[in-house]
2 protein chains.
Amino acid sequence: MARKLIIIGGVAGGASAAARARRLSEDAEIIIFERDRFISFANCGLPYHIGGEIKEREALLVQTPESMNARFNLDIRIQTEILAIDPVNKSVLARELNSGREYHESYDDLILSPGARPFVPPIPGIPNDKTFTLRNIPDMDRIIRTIQTDAPKSAIVIGGGFIGVEMAEALVQQNIETSLIELSNQIMAPVDPEMAVPLHEELRRHGVRLMLGQSVESIDTQDNGLHLTLQNGNTLTTDMLILAIGVKPDTTLAGSAGLQIGPRGGILVNDRMETPVPHIYAVGDAIEVKDFISQEPALVPLAGPANRQGRIAADNIFGRQSLYGNTQGTAICKVFNYAVAATGSNEKALRRRGARYEKIYVHGADHASYYPGAKNITFKLLFDPESGRILGAQAVGEKGVDKRIDIMATMIRAGMTVFDMEEAELCYAPPFGSAKDVINQAGFVASNVIRGDHLICQPGELTNGAEDMLILDVRNADEVSACGEIEHAVNIPLPALRRSLDQLPKDRTILVYCAVGLRGYVAYRMLSQHGFKVKNLTGGYRSYQMFKNIGR
Amino acid sequence: MARKLIIIGGVAGGASAAARARRLSEDAEIIIFERDRFISFANCGLPYHIGGEIKEREALLVQTPESMNARFNLDIRIQTEILAIDPVNKSVLARELNSGREYHESYDDLILSPGARPFVPPIPGIPNDKTFTLRNIPDMDRIIRTIQTDAPKSAIVIGGGFIGVEMAEALVQQNIETSLIELSNQIMAPVDPEMAVPLHEELRRHGVRLMLGQSVESIDTQDNGLHLTLQNGNTLTTDMLILAIGVKPDTTLAGSAGLQIGPRGGILVNDRMETPVPHIYAVGDAIEVKDFISQEPALVPLAGPANRQGRIAADNIFGRQSLYGNTQGTAICKVFNYAVAATGSNEKALRRRGARYEKIYVHGADHASYYPGAKNITFKLLFDPESGRILGAQAVGEKGVDKRIDIMATMIRAGMTVFDMEEAELCYAPPFGSAKDVINQAGFVASNVIRGDHLICQPGELTNGAEDMLILDVRNADEVSACGEIEHAVNIPLPALRRSLDQLPKDRTILVYCAVGLRGYVAYRMLSQHGFKVKNLTGGYRSYQMFKNIGR
Ligand SMILES: Cc1cc2nc3c(=O)[nH]c(=O)nc-3n(C[C@H](O)[C@H](O)[C@H](O)COP(=O)(O)OP(=O)(O)OC[C@H]3O[C@@H](n4cnc5c(N)ncnc54)[C@H](O)[C@@H]3O)c2cc1C
Ligand SMILES: Cc1cc2nc3c(=O)[nH]c(=O)nc-3n(C[C@H](O)[C@H](O)[C@H](O)COP(=O)(O)OP(=O)(O)OC[C@H]3O[C@@H](n4cnc5c(N)ncnc54)[C@H](O)[C@@H]3O)c2cc1C
Ligand SMILES: CC(C)(COP(=O)(O)OP(=O)(O)OC[C@H]1O[C@@H](n2cnc3c(N)ncnc32)[C@H](O)[C@@H]1OP(=O)(O)O)[C@@H](O)C(=O)NCCC(=O)NCCS
Ligand SMILES: CC(C)(COP(=O)(O)OP(=O)(O)OC[C@H]1O[C@@H](n2cnc3c(N)ncnc32)[C@H](O)[C@@H]1OP(=O)(O)O)[C@@H](O)C(=O)NCCC(=O)NCCS
């Protein structure tokens, strides 16, 4: 007999599961319940329609109930909320939101893809009619309507995650004076604090007033706008407020279904996307996944995983053995002209769980620097200092960031090491790459560190002074005067170094640095073979400055 | 005692070897012999300086002898040619090209990186002063000088490989009417003929007169230019001629040294870059490598491999065990607004060696199609039909081609399968990718084929008619009228298909197709489960058209 599949939630995970289910079973009965009026829309495009980059609202509606039904023969019940699940009788309780009518619907199998809800902090003064969150089309419509009717001059975004940053950009594009308040010392939590520094600068370059290490204590609605009081006592006034502090898995239905909630607050599933309750599957933002690197539970509310998990749940329901291979957390965000991306573990996470790791920095051009338009990529690599296994990678830059992190995501997935990065055979012609790509260079550097051919000093160790080391700057004099230098550094440009060896002490460690680390490494090789005790500053002065500016 | 290393050739492989050698050994004596006046220059940038994109000639001189010496303490002897090698006495015979002075120089170890020479076909009428090849700075200077002094109105390029195509583009940018003559039915041999079709169109769109399947019989120098007679009897007149038919490994020195030449005409080395002659290493365009996929000997004259091989040779000379992991042939080329790239084996090569393979096509946007600026990528995937091992990938498009092929190059290197492509967790935000990237989609399609969930028909099988199949076009009517259709096709748009099943025959195979293959696949799933015999045209009408236009 044909199976009856009920899917709760009709967007990324749910719609993908429905489509795949129909492709696997032409005769199954497939019902999608969606609380909202919209299914299968582009959540990820919402900020860009607010900003005006995506001109047509319709472009966001990837499928309408009609088109989706025409293609996949689905019973799509929009504006219908599931209130409860009865796993014993295998049925759900639905309410038509317009009529208020409630009814039961039975299932053979159930897929939950209810997503997540924007986290709304318990700040006195919220809710109010000038404060918004952004999760779906109605949320977006509300924000756009407010911009159009109230013509706000100023806006504040709370939260420097993906959505907060995208919203700040969108508001600036609407010529609204925008501030961004972030509790932590950095925006974009998936990367480490120093990697966020160029992003802070980019936001400010585009007029965003960035307030790090700040939080809002209370909000007061007055005639001339919202008055925010910060924890430090300062007050701010704004015409509108966007809350983008993160999302919480929507586990409303878990209770009635007897589903288990994991330590991170998401629905627990196995690698078949099954909950422990028979015939109930869950996917998407609502679930906890296993982190690919740490094997620990994690929340990774992203569209790619949601889509693939929906497909896997449908596979397993319709008799195909299909396993989810855990989540690396590969993610990217546009920050005006910059992109920031990461995959695998970041340093914060590695440190938190006491993992063994080493790290290096490389700054390299996205394509041959002699070909016009080359832009710098700042690349951070985390790896196991013994095996060389790649643990994580982060990149920031104007171009080619997605490519580098996708390559790293693939390498991590394959269990590759930094030695594989040395060998990576990537596309090279001047407009697209370099004969030795940033990936190769980072592989060389990390491999040299493991082989003991390159002793490095971390810029973070230096920011509080270099103790008794001699700091040797091997940049050219014009670079020193143009960019500044590390305090107490002695400048001997690399081309002059070999003939200046007698000026250097053999009894003190020499910390050598250049702009990005390459010439410092060449100097390191020279000096160490001449019997000096040497370390090279990984990432050079550029990484040093990033550390200096953490949290600013 | 300090070792004495001689390097022949001071550009990609040679300069890299020298730099690495010095980093490994501060006290080695390192001599570079270079016939030319320039070392360490950007060969790959030459066409772009001719075209005017790279404005400054100096930008191509990555290192000068002075800067290279200042950094690495090298004995760089430019304009000095090595005439012979005496492997018994471990010495080379050098000639200073200016003075004509000849002398012997002894070595402990020798690295050959003499590169390749442009292949000059034995066409009567060559050489002449209007015919050029492009390998180095003097070649480039000659071409630029001719353009500046003679102001040629027309130019012909022979050869549609990387350099030929780059030169055609450069000449067009100099407002010279440019023709490109190619013997084969396609340009860009690393990809298969159908994948070159969009490139042929792109060349023509930019005014290049492209002549495929043509060759030049003879050349006659007259007052008003060169008169070319083609094999088909046609004649052409041109003001200048560029020969870009390919390169041959420079094995001039191999004889005197007793080196072995492999079946493809390159110097034979092992994976330590050692020739069978003790203490002689060879790298770069001059050597034969092993193809990563086929394990067969191959010539892959590219800069990335040359650079890495130089590093490996130096490693092994200075006591580090370092092995070259064979060459995949990852390569990319800009063709006006398009990029074309490939990695691994192409179909021609697989067929030639009788390998087992399957192939699929996917056409997908480089980033979310609802975000502005999305461009199509045409992607071809070759894989083992049983294990799913990835054998090769090719891509053509305006954006994101390098990224996709780099991901595939990494997967091939890791020995991954099409099932790993399904799971690939790549960067996604609307400006950078899609929740299901082209890589994922290609993985889905190939995996479905292997699992027997998706029976495909190859567009190449169809171009001579569909025999007794019913051809079913599931595109919308407006697409059919706008783009044309396959002869004798019946059109039932996908949304109407489920209610039109009774119009379809059960006794004939139905070949279904859409624009790119996706809707055709959805129709395939529907029809096959309703008991019809079905196949889906992989890559849809777009791939079909590419096949139709092969060689045009
Ligand atoms: C503004 C924004 C930007 C984003 N940008 C990116 C990005 O760039 N890249 C990226 O990877 N991810 C991005 N995401 C995240 C991505 O959209 C989510 O990870 C993905 O949509 C999760 O899919 P899901 O199916 O789990 O949940 P959703 O797509 O949220 O779908 C859940 C649906 O279930 C419905 N529902 C919930 N409970 C019930 C119920 N009881 N009864 C009926 N219906 C119910 C909800 O109404 C909702 O429509 C973004 C998200 C937002 C909001
Ligand atoms: C126009 C052009 C565009 C290219 N574009 C790309 C590209 O986009 N991507 C890519 O990957 N590759 C590209 N290449 C190929 C790339 O440049 C080569 O693969 C690379 O330079 C090979 O390095 P090599 O050291 O083997 O040879 P080369 O770099 O050619 O160096 C060899 C040197 O040896 C010298 N020499 C030879 N014999 C002697 C002797 N007996 N005595 C003294 N000196 C000698 C020669 O004068 C020469 O300078 C391009 C090449 C050209 C010419
Ligand atoms: C629109 C939506 C329902 C489509 O789901 P879908 O049909 O599974 O996905 P796609 O349209 O990408 O098609 C993928 C399928 O087509 C197949 N396919 C893709 N390209 C193909 C081609 N060229 N030839 C043949 N088949 C192809 C794949 O194999 C896959 O089928 P499978 O899962 O059975 O293997 C779903 O993606 C959705 O709701 N998206 C919007 C919501 C969302 O994701 N939001 C967050 C991101 S903004
Ligand atoms: C210029 C040239 C001599 C440089 O050779 P090189 O010094 O080996 O190469 P790079 O300058 O890229 O430096 C790479 C080295 O720096 C190290 N390095 C790179 N970035 C680093 C960083 N941020 N921190 C520390 N070390 C770094 C690498 O580990 C590597 O050293 P290793 O080989 O000892 O491990 C050589 O590339 C060349 O001649 N190029 C022009 C010719 C050519 O390639 N033409 C074809 C392409 S157009």
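What counts, and at which threshold
- Residues numbered from 1 in each chain as written.
- Chains lettered and ligands numbered in written order.
- Predicted model: local features only at pLDDT ≥ 70, side-chain atom pairs only at ≥ 80, totals over all residues.
- Heavy atoms only, no water.
- Helix = DSSP H or I, 4+ residues; strand = E, 2+ residues; numbered from the N terminus.
- Rg over C-alpha atoms; globule rule 2.2 N^0.38 Å.
- Contact = heavy atoms within 4.5 Å.
- Areas by Shrake-Rupley, 256 points an atom, 1.4 Å probe, with all protein chains shown as cover.
- Lys, Arg positive; Asp, Glu negative; His and termini not counted.
- Charge placed at Lys NZ, Arg CZ, Asp CG, Glu CD.
- Near = heavy atom within 4 Å.
- Polar contact = N/O pair within 3.5 Å; in protein donor to acceptor, adjacent residues only side chain to side chain.
- Buried < 20%, exposed > 50% of the residue type's maximum accessible area, 1.4 Å probe, protein only.
- Right-handed = clockwise from strand over helix to strand, strands pointing away.
- Pairing = 2+ DSSP bridges.
- Nonpolar A, V, L, I, M, F, W, Y, C, P; charged D, E, K, R; others polar.
- Axes fitted to C-alpha atoms, helices over the stretch in contact; angles between N-to-C directions.
- Least-squares fit on C-alpha atoms with pLDDT ≥ 70 in both.
- Buried area = accessible area lost by both parts, 1.4 Å probe.
- Salt bridge = Lys/Arg side-chain N within 4 Å of Asp/Glu carboxyl O.
- 1 Å grid on protein atoms, 1.4 Å probe; cavity = no way out; pocket = protein on both sides within 12 Å on 5 of 7 lines; lining within 4 Å.
- Points joined across faces, edges and corners; volume = space filled by probe spheres on them.
- Phe/Tyr/Trp six-rings, centres within 6.5 Å; stacked < 30°, edge-to-face > 60°.
- Domains from an automatic or database assignment.

*Asks:* With reference to specific residues and values, describe the overall build of chain A.
*Replies:* Secondary structure summary: chain A contains 17 helices and 30 strands in total. Here chain A has a C-alpha radius of gyration of 27 Å; the compact-globule value for 552 residues is 24 Å, and the two agree. Oriented by its inertia axes, the alpha-carbon framework of chain A measures out at about 90 × 60 × 40 Å. Long-range contacts, defined as pairs at least 24 residues apart, comprise 63% of the intrachain contacts of chain A with a sequence gap of at least 6. Carbon and sulfur atoms provide 47% of the accessible area of chain A, an area that totals close to 20400 Å². Charge-centre separation for chain A: the mean point of 58 positive side chains lies 3 Å from the mean point of 65 negative side chains.

*Asks:* Can you explain the site of ligand 2? Please cite residues and give values.
*Replies:* The environment of ligand 2 is formed by 31 residues, the closest being Gly13, Glu34, Ser113, Arg135 and Asp285 of chain B. One finds residues of chains A and B in close proximity to ligand 2. At 2.6 Å from an oxygen atom of ligand 2 is found a side-chain nitrogen or oxygen belonging to glutamate 34 of chain B. At a separation of 2.9 Å, an oxygen atom of ligand 2 approaches a polar backbone atom of alanine 303 of chain B. When isolated, ligand 2 has an accessible area of 990 Å², and the protein chains bury 95% of it. If you list the elements that add at least two residues to the shell around ligand 2, you get α1 (12–24), β4 (80–86) and α8 (303–317) of chain B.

*Asks:* Any chance you could break down the pairing of strand β2 (residues 29–33) of chain A for me, citing the residues and the numbers?
*Replies:* Residue and element names in this part refer to chain A. For β2, the tally of buried residues reaches four of five residues, placing the bulk of the element in the interior. For the crossover from strand β1 (residues 4–8) across helix α1 (residues 12–24) to β2, the handedness is right-handed. When β2 meets strand β3 (residues 75–77), the two strands line up parallel, connected through three bridges. Paired with isoleucine 31 across the two strands is aspartate 75, which belongs to β3.

*Asks:* Pulling in residues and values, what's your account of the site of ligand 1?
*Replies:* Around ligand 1 sit 31 residues, and of these Gly13, Glu34, Ser113, Arg135 and Asp285 of chain A come closest. Ligand 1 sits at a junction of chains, with neighbouring residues supplied by chains A and B. Between ligand 1 and the protein, one listed contact pairs an oxygen atom with a backbone N or O atom of leucine 302 of chain A at 3.3 Å. Protein chains bury 95% of the 980 Å² of accessible surface belonging to ligand 1 in isolation. Every element with two or more residues in the shell around ligand 1 is listed here: α1, β4 (80–86) and α8 (303–317) of chain A. Looking at the shell around ligand 1, the element that brings in the most residues is β4 of chain A, giving three residues. Looking at side-chain class alone, the shell around ligand 1 contains 18 nonpolar, seven polar and six charged residues.

*Asks:* Give me the sheet that holds strand β13 (residues 216–222) of chain B: which residues, what numbers.
*Replies:* All names here are of chain B. Read from one edge to the other, the open sheet built from three strands follows the order β13-β14-β15, with strand pairing classed as antiparallel. Either end of the sheet is taken by a strand with one partner, and the two such strands are β13 and β15 (235–238). Taken pair by pair, the neighbouring strands of this sheet meet at an average axis angle of 20°, ignoring direction. The pairing of β13 with strand β14 (residues 225–230) spans six bridges and is classified as antiparallel. If you follow aspartate 220 over to β14, its bridge partner there is histidine 227.

*Asks:* How would you explain the side chain of aspartate 139 of chain B if you had to name every residue and give the values?
*Replies:* With respect to the helices and strands, the residue aspartate 139 of chain B is situated in helix α4 (residues 137–150). Ignoring any residue separated from it by four or fewer positions in sequence, one finds aspartate 139 of chain B in contact with Thr133 and Leu134 of chain B.

*Asks:* Give me the lowdown on the relation of the copies chain A and chain B, citing residues and values where you can.
*Replies:* The two copies are related by a screw motion: chain A maps onto chain B through a turn of 180° and a shift of 0.0 Å along the axis, at an RMSD of 0.0 Å. The transformation just described matches what one would write down for a two-fold rotation axis.

*Asks:* An account of the interface of chain A and chain B is requested, with residue identities and associated values reported.
*Replies:* Counting from both sides, the interface comprises 81 residues of chain A and, opposite them, 81 residues of chain B. Both faces combined, the contact of chain A with chain B buries some 7000 Å², and carbon together with sulfur accounts for 56% of it. Of all residues in chain A, the largest losses of buried area upon contact with chain B belong to Glu26, Tyr370 and Glu425 of chain A, amounting jointly to 12% of the total for that side. Seen at the junction of chain A and chain B, the total is 14 salt bridges. Among the ionic pairs, arginine 311 of chain A bridges to glutamate 422 of chain B, the shortest N-O distance being 2.8 Å. At the junction of chain A and chain B, the tally comes to 36 residue pairs in polar contact (both at pLDDT 80 or more). No other element matches helix α10 (residues 401–413) of chain A, which puts nine residues into the side of chain A that touches chain B.

*Asks:* Please give an account of unusual backbone geometry that cites residues and values.
*Replies:* Looking along the chain, the bond that leaves isoleucine 126 of chain A and enters proline 127 of chain A is cis, with omega of 0°. With respect to the helices and strands, the residue proline 127 of chain A is situated in the loop between β8 (116–118) and β9 (131–132). Look at asparagine 73 of chain A: it is not a glycine, yet its phi comes out positive at around 50°. With respect to the helices and strands, the residue asparagine 73 of chain A is situated in the loop between α3 (65–72) and β3. A relative accessible area of 37% means that asparagine 73 of chain A is categorised as partly exposed. The backbone of glutamine 295 of chain B shows a phi angle near 65°, a positive value even though the residue is not glycine.

*Asks:* Any details on the sheet that holds strand β7 (residues 109–112) of chain B? Residues and values, ideally.
*Replies:* Residues and elements named next belong to chain B. Reading across from one edge, β3-β2-β1-β7-β18 is the order of the five strands in this open sheet, with parallel pairing throughout. Looking along the sheet, the strands with just one partner apiece sit at the ends: β3 (75–77) and β18 (280–282). Sheet twist, expressed as the average angle between the axes of neighbouring strands with direction ignored, equals 15°. Pairing of strand β1 (residues 4–8) with β7, which is carried by four bridges, proceeds in the parallel orientation. Paired with isoleucine 6 across the bridge in β7 is leucine 110.

*Asks:* Summarise empty space enclosed by the protein; cite the residues concerned and give the values.
*Replies:* Counting across every chain of the model gives six cavities of 30 Å³ or more. Leu302, Ala303, Gly304, Pro305, Arg308 and Thr330 of chain A together with Glu425, Leu426, Tyr428 and Ala435 of chain B are the residues that line the largest cavity. For the lining of the largest cavity, the class distribution of residues is six nonpolar, two polar and two charged.

*Asks:* How would you summarise the packing of aromatic side chains if you had to cite specific residues and measurements?
*Replies:* Residues and elements named next belong to chain A. The full count for this structure, using the stated rule, is ten aromatic pairs over all chains. Pairing tyrosine 541 with tyrosine 544 gives two aromatic rings, centres 5.9 Å apart and planes at 25°, and the pair type is stacked. Remark: tyrosine 544 and tyrosine 541 occur in helix α17 (residues 540–548); sequence separation between them is three residues, near one turn of the helix. Tyrosine 544 sits in the buried class, given a relative accessible area of 6%. Cluster of aromatic residues (ring-pair linked, three or more members): Tyr513, Tyr541 and Tyr544.

*Asks:* So what about the domain arrangement of chain A? Which residues, and what values?
*Replies:* All names here are of chain A. Partitioning chain A into structural domains gives domain 1 (4–41 + 57–115 + 248–318), domain 2 (131–245), domain 3 (337–451) and domain 4 (456–549). Here the C-alpha centre of domain 3 lies 31 Å away from the C-alpha centre of domain 2. Taken together, the contact pairs 14 residues of domain 2 with 16 residues of domain 3. At the boundary of domain 2 with domain 3, total buried surface from both sides reaches about 1100 Å², with 59% on carbon and sulfur atoms. The tally of links between domain 2 and domain 3 comes to two salt bridges. A salt bridge links glutamate 194 to lysine 380, with the shortest nitrogen-to-oxygen separation between them at 2.5 Å. Scanning the region where domain 2 abuts domain 3 turns up twelve residue pairs in polar contact (both at pLDDT 80 or more). Within the side of domain 2 that touches domain 3, the residues separate by chemical class into eight nonpolar, two polar and four charged.

*Asks:* Tell me what's going on with the pattern of salt bridges, and back it up with residues and numbers.
*Replies:* Taken as a whole and judged by the stated rule, the model has 72 salt bridges over all chains. Residue lysine 403 of chain A is joined to aspartate 406 of chain B by a salt bridge in which the shortest nitrogen-to-oxygen separation is 3.6 Å. Placement of lysine 403 of chain A in helix α10 and of aspartate 406 of chain B in helix α10 (residues 401–413) is noted, with the two residues assigned to different chains. Like aspartate 406 of chain B, lysine 403 of chain A is buried. Notably, a salt bridge pairs glutamate 479 of chain A with arginine 519 of chain A, separated by 2.8 Å at the nearest N-O pair. Of this pair, glutamate 479 of chain A sits in helix α14 (residues 477–483) while arginine 519 of chain A sits in helix α16 (residues 518–529), and the two are 40 residues apart along the sequence.

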